[in-house]
Amino acid sequence: MAFIVWAFLGLASAVQAAPTVSALSGSVFILKSGTKVWQGAGEGHVLYAGDQVRTASGSSATIGFDDGSRINLEANGSFILQEATSGGTSLKLAIGVLRAWVDKALSRRFEVRTPTAVCSVRGTEFSVDVNVQGHTSIQMFSGMLAVADQHGNETVIRDQQSLRVTDQGFTAGQTSQGQSGRDALKEQARREVGLEMSKEAVQSAAAFESMNAVYKEGKAIIDVGGNRVRIEEYIVRPAADQFKLVVLNEREQRFDYFYYKGTFNTTLPDDLSIALRQLPGCIGAPCGYYLKDYETGRSNTQDSMLEVTSGGHQVDVNHDGNPDDAVSAAFDPVTNSFVALAPGTNFYQTLYDYNKLTFNGVPHGGWVPANPADAIVNGGPGIANYGSKINSGSVLRDWSDPTSSYSPASLTTVRRSPACDPPDCTYDEAGVEHSVVYASNGDGSVWEKYDSYVISDEGRVANTGDFAGSYSGTDYKQTLLHWNFETIVTASEFSGRKIDLAVEPKIFIQSGLIQ
């Protein structure tokens, strides 16, 4: 316990009605006491002791009390209702910002606890902000608070004053609102995993993000190189229309991480798997949920790989005049199985107007519309199929110079065996689950290589016979639970280094990313 903050209330009064979610914005979730599954909250939702409430990015929830008092939990926050009786109310704020308006006539105990504090309030308006380290910042708007830290020091803050308390005690006060707002923005930025971060920064941001995870997994395995690797992975909803997958790998001598952040066309349902299962495409009609853009990054904290894509739109790929992208079999969520599609069946997939792939900032590929008016962002119809359009010259592939003419010489070429010799080829190693994808430009000066494996927890590469030819459906998913994926990326900019990521497939199965 680092410190204690309190003000005093009087004695208990009449019977109290249960607190209720009186208003909300965005995605708000409740974990009922004694349960393990978060459920979406709605206005009028009644809370009882032991219930937990959390808010996603860009979301908030207001909880009302029978005497007119209320609290507001801002974005990326989480608290548990510890007590709600006629004798008093107690909340524990795990992380985030909570603002409280406590009626002056209230005569019972009202406490807001944090991992390191207890705030007992009376007739006052204030906010408490708990960061990922558990440090607490207090901002008074009206009234008075008595504050104590774990060293026995006490002080009182009044209207418009603020105070920051860490495990070292009181550290600052009298912070202006403007400065507080700027600090909040910086704090928010530090709470999200992205590229160009140190190992410590990634771990700190992941610790915050994963508190609001919809799905979360992790375990230790031996990788294909014989090294012990600790895998942590989670999926969060940064905003009402977004999802983000993060994978962390920690070995004795290295740290690698990966993220995929996608923005959908609309607000996501409470059950995220409903939307994620539509990512491969939809039979008969456009998907209700599809990606408008996504960003994916990999890093070893020294090298990075970044892909940014936007302008997503639905296209019936079986009727777009390009037979190369036709789909003859697809997952059917109605039957929960893969089905063959009759000739001429409409099948909708998401195609994108813009794409850019870089390694350590050096462009390796991508495309933009040859005619910007075609782009969705400009109100145009979007590129129907970027593959065929590249071949016909209707998009510009050379991202490094988007004003240049279409230039086949700038294309990154995938080299397939047997027209070349390993390792500078794309091939599957016979008998085992090991594939190689190698791509380069015309003169070989810019290249990238992906070595992908399916491995056991002990680091053994799976034999093709371990899957008995099944790579979809229920049997495949059951088999896959006993294995892991590992992909090693090398590139011309990495100077011999690599980005080495192992992933436990369970989280993909849970979320619907693997069907």
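Below you will find a few notes about this structure. (Residues numbered from 1 in each chain as written. Predicted model: local features only at pLDDT ≥ 70, side-chain atom pairs only at ≥ 80, totals over all residues. Heavy atoms only, no water.)

1. Section: the nonpolar core
And then number 1: Judged by nonpolar contacts, the single largest core of 27 residues is most densely connected at Phe243, Phe264 and Phe359.
And then number 2: The set of elements that each furnish at least two residues to this core consists of strand E20 (242-250), strand E21 (255-264), helix H3 (272-276), strand E23 (291-299), strand E29 (354-359), strand E36 (484-491), strand E37 (499-503) and helix H6 (506-511).
And then number 3: Excluding its chain neighbours within four sequence positions, the residues that come into contact with Phe359 are Ser304, Met305, His364, Glu448, Tyr450, Val489, Ala491, Glu493 and Phe494.
And then number 4: Counting residues in hydrophobic clusters, the runner-up holds 26 residues, among them Phe65, Leu93, Val102 and Phe126. (Core = buried A, V, L, I, M, F, W, Y, C linked by side-chain atoms within 4.5 Å. Buried < 20%, exposed > 50% of the residue type's maximum accessible area, 1.4 Å probe, protein only. Helix = DSSP H or I, 4+ residues; strand = E, 2+ residues; numbered from the N terminus. Contact = heavy atoms within 4.5 Å.)

2. Remarks on the packing of aromatic side chains
And then number 1: Considering all chains together, one arrives at eight aromatic pairs under this definition.
And then number 2: With a centroid separation of 5.8 Å and an interplanar angle of 35 degrees, the aromatic rings of Phe243 and Tyr260 are classed as tilted. Taken together, the residues Phe243 in strand E20 and Tyr260 in strand E21 connect sequence positions 17 residues apart.
And then number 3: Overall, the relative accessible area of 21% leaves Tyr260 in the partly exposed class.
And then number 4: One aromatic cluster is present, built from ring pairs that chain together Phe243, Tyr260, Phe264, Tyr294 and Tyr352. (Phe/Tyr/Trp six-rings, centres within 6.5 Å; stacked < 30°, edge-to-face > 60°.)

3. What to know about the state of the cysteines
And then number 1: Counting across every chain of the model gives two disulfides.
And then number 2: In this model, Cys282 is linked to Cys287 through a disulfide, with the two sulfur atoms separated by 2.1 Å. Across the disulfide from Cys282 to Cys287, rotation about the S-S bond amounts to roughly 120 degrees, and the bridge is consequently right-handed.
And then number 3: For Cys282, a relative accessible area of 12% gives the class buried.
And then number 4: Each bonded cysteine of the protein chain gets a number by its place in the sequence, and the pairs then read 1-2, 3-4. (Disulfide = S-S within 2.5 Å.)

4. Re the sheet that holds strand E28 (residues 347-351)
Within a sheet, each strand pairs with its neighbour through backbone hydrogen bonds, oriented either parallel or antiparallel.
And then number 1: Here three strands make up an open sheet; going across it, the order is E22-E28-E25 and the pairing antiparallel. The sheet terminates laterally at strand E22 (282-283) and strand E25 (313-316), the two strands that pair on one side only.
And then number 2: As defined by bridge partners, E22 adjoins E28 across two bridges and the pair is classed as antiparallel. For Ile283, the partnering residue across the bridge sits in E28 and is Phe347. (Pairing = 2+ DSSP bridges.)

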